[in-house]
Amino acid sequence: MLYYTFKNHDFSLSSASRQDSFWQSFINRILEMLLPKANPDFNGLYHQVKTWYVEYDIEKQHTNREVGTDDDGHVIVKAPFGRNLGLWVDEELNDDDYKRLGATAISSIEFETLWSKKTDGDDV
């Protein structure tokens, strides 16, 4: 396993910064009612994440787990957890992709310490 940390990037296509037409907004609302969200408990918190921590399986080339912390270093999201699949876990990134995001290696102990901390969503 590899463990990485990197700063959150500003994703300019986030729903908060996008101006949809009336019909696009209407269709989006209908789809949101019909399709389950991948991260229902944490979706509204991703814009608050300042630093990400990921556990990456180098052999399977797959992200296993993720933790997001806020400005103060508090864990605010982690996945997969409960009914939340995860943001990075759901992506097909490889080791080089994480390096392009500016990821640096951390120890498994550092990751496990963060993973063991509770978030507000731990009760779900």
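That block above? That's the structure.
**Quick word on the overall build of the protein chain**
At step 1: When its secondary structure is counted, the protein chain shows 3 helices and 5 strands.
At step 2: Element order for the protein chain, N to C, with α for helix and β for strand: β-α-β-β-β-α-β-α.
At step 3: Considering the protein chain as a whole, with its 124 residues, one finds that 35% of them fall into the buried category.
At step 4: Partitioning the intrachain contacts of the protein chain with sequence separation of at least 6 by distance along the chain shows that 68% fall at a separation of at least 24.
At step 5: Of the roughly 8200 Å² of accessible surface on the protein chain, a fraction of 53% belongs to carbon and sulfur atoms.

**Some points on the pattern of salt bridges**
At step 1: Taken as a whole and assessed by the stated rule, the structure comprises 4 salt bridges.
At step 2: The closest approach of N and O atoms between Arg 100 and Asp 97, which form a salt bridge, is 2.5 Å. Of this pair, Arg 100 and Asp 97 both sit in helix 2 (residues 95–100), separated by 3 residues, roughly a single helical turn.
At step 3: In this structure, a network of salt bridges that share partners links the residues Glu 55, Arg 65 and Glu 112.

**A closer look at the side chain of Glu 66**
At step 1: Relative to the helices and strands, Glu 66 resides in strand 3 (residues 62–69).
At step 2: It is Arg 65 that comes nearest to the buried, bridge-free Glu 66 among opposite-charge side chains, at 10 Å.
At step 3: Among the polar contacts made by the side chain of Glu 66, one reaches the main-chain amide nitrogen of Trp 88 at a distance of 2.6 Å.

What counts and what doesn't
- Residues numbered from 1 in each chain as written.
- Predicted model: local features only at pLDDT ≥ 70, side-chain atom pairs only at ≥ 80, totals over all residues.
- Heavy atoms only, no water.
- Helix = DSSP H or I, 4+ residues; strand = E, 2+ residues; numbered from the N terminus.
- Buried < 20%, exposed > 50% of the residue type's maximum accessible area, 1.4 Å probe, protein only.
- Contact = heavy atoms within 4.5 Å.
- Areas by Shrake-Rupley, 256 points an atom, 1.4 Å probe, with all protein chains shown as cover.
- Salt bridge = Lys/Arg side-chain N within 4 Å of Asp/Glu carboxyl O.
- Lys, Arg positive; Asp, Glu negative; His and termini not counted.
- Polar contact = N/O pair within 3.5 Å; in protein donor to acceptor, adjacent residues only side chain to side chain.

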